[in-house]
Amino acid sequence: MVKKIFVIVFMSIVMVAFAQENGPQHISLPKPQITGGKPLMEALSLRKSMREFSEREIPPQILSNLLWAANGINRPESGKRTAPSASNWQEIDIYVATPKAVYLYDAKANLLKVVKEGDLRADFGRQAFVKTAPVVLAFVADHSRMGRASQTDKDFYSATDTGFISQNVYLYCASEGLNTVVLGIVDKTNLSGKLGLKPEQKIILTQPVGYPKK
Ligand SMILES: Cc1cc2nc3c(=O)[nH]c(=O)nc-3n(C[C@H](O)[C@H](O)[C@H](O)COP(=O)(O)O)c2cc1C
């Protein structure tokens, strides 16, 4: 019995050490809660840009709800999303920066996939408050998913599609009592390099999210 406990404890220590050595892992998000929240007209009344964030972490359930509201799958039979998408190209990806790593939101698997280890929040916007938010989203268009559209159309539609997603984030935040502001003042060349994006991936906007300071 003692030997068995010793083996279990030893194995646990080895696994923790292995996980730490290998950096942050993919995060399997809890199933989003897709009922409840404030009535739409109340959420619209409360929607606003806020630039102050508490350090309080956003729990996994709230993060899952936030990302689903932003651009999750609301019709599993077709794979269509909470935000409309020109030609249903679904070219916008959401990158999620936390103090530990930057992740890519996989809506189908409800998973956050590690893209880059470490705290890159400061690179998601030029303003000082950006790095104080526990979560900063980046909306990135993959132009290679936009068929044979002209460059002008690719730029136009990826910007409009991002606007819908950003507004979904605003409304979820209004409903949940979170602060947020969408940001265009971003050093996109720097951030693209840090995230290792391909030339056809274009950063459109970023959006920090966090609880208000008390
Ligand atoms: C496309 C876009 C880009 C924006 N970029 C920034 C930004 O870089 N920094 C910032 O502090 N606010 C930014 N904002 C937020 C606006 O300043 C804000 O929406 C505006 O002042 C109106 O305030 P409200 O959102 O509370 O209604 C941006 C808004 C939009 C729509």
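Data block above holds the structure.
Residues numbered from 1 in each chain as written. Predicted model: local features only at pLDDT ≥ 70, side-chain atom pairs only at ≥ 80, totals over all residues. Heavy atoms only, no water.

Caption draft 1: Looking closely at the pairing of strand β7 (residues 135-142). A large share of β7 lies buried, amounting to 8 of its 8 residues. Of the two faces of β7, the one lined by V135, L137, F139 and A141 and the one lined by V136, A138, V140 and D142 are each fully buried. Sheet topology places strand β4 (residues 92-97) next to β7; 6 bridges connect them, and they run antiparallel. By the bridge assignment, V96 is partnered in β7 with L137. Pairing geometry for β7 and strand β9 (residues 201-210), over 8 bridges, is antiparallel. The residue bridging D142 from the neighbouring strand is Q201, located in β9. (Buried < 20%, exposed > 50% of the residue type's maximum accessible area, 1.4 Å probe, protein only. Helix = DSSP H or I, 4+ residues; strand = E, 2+ residues; numbered from the N terminus. Pairing = 2+ DSSP bridges.)

Caption draft 2: Structural context of the packing of aromatic side chains. Scanning all chains against the criterion turns up 3 aromatic pairs. Ring geometry for F53 against F129: centres 6.3 Å apart, planes inclined by 35°, an arrangement best described as tilted. Residue F53 is located in the loop between α2 (40-46) and α3 (60-71), and its partner F129 is located in the loop between β6 (111-117) and β7; the two are separated by 76 residues in the primary sequence. For F53, a relative accessible area of 2% gives the class buried. (Phe/Tyr/Trp six-rings, centres within 6.5 Å; stacked < 30°, edge-to-face > 60°.)

Caption draft 3: Here's a closer look at helix α4 (residues 151-176). In this model α4 runs 37 Å from its N-terminal to its C-terminal C-alpha over 26 residues, within 8% of the 38 Å that 1.5 Å per residue would give. Of the residues trailing α4, G177 is marked for its positive phi of about 75°. (Expected span 1.5 Å × (residues − 1).)

Caption draft 4: Representation of unusual backbone geometry in the model. With a phi angle near 55°, S87 is a residue other than glycine that sits in the positive phi range. By the secondary structure assignment, S87 is in the loop between β3 (80-81) and β4. A residue is classified by how much of its surface remains accessible, and S87, at 59% relative accessible area, is exposed. Of note in the backbone geometry, N110 takes a positive phi value of approximately 50° without being a glycine.

Caption draft 5: Up close: a nonpolar patch on the surface. Among the surface-exposed residues, L40, M41 and L44 lie close enough to one another that they form a single nonpolar patch of about 330 Å² accessible area. Along the polypeptide, L40 turns up in helix α2. Given the relative accessible area of 53%, L40 is considered exposed. (Patch = residues over 30% accessible without salt bridge, like charges linked within 9 Å, V, L, I, M, F, W, Y side chains within 5 Å. Areas by Shrake-Rupley, 256 points an atom, 1.4 Å probe, with all protein chains shown as cover. Salt bridge = Lys/Arg side-chain N within 4 Å of Asp/Glu carboxyl O.)

Caption draft 6: Representation of the side chain of D161 within the structure. Mapped onto the elements, D161 comes out in helix α4. Despite its burial, D161 pairs with no opposite charge, the nearest such side chain being R145 at 9.7 Å. A distance of 3.1 Å separates a polar side-chain atom of D161 from the backbone nitrogen of A86. (Lys, Arg positive; Asp, Glu negative; His and termini not counted. Polar contact = N/O pair within 3.5 Å; in protein donor to acceptor, adjacent residues only side chain to side chain.)

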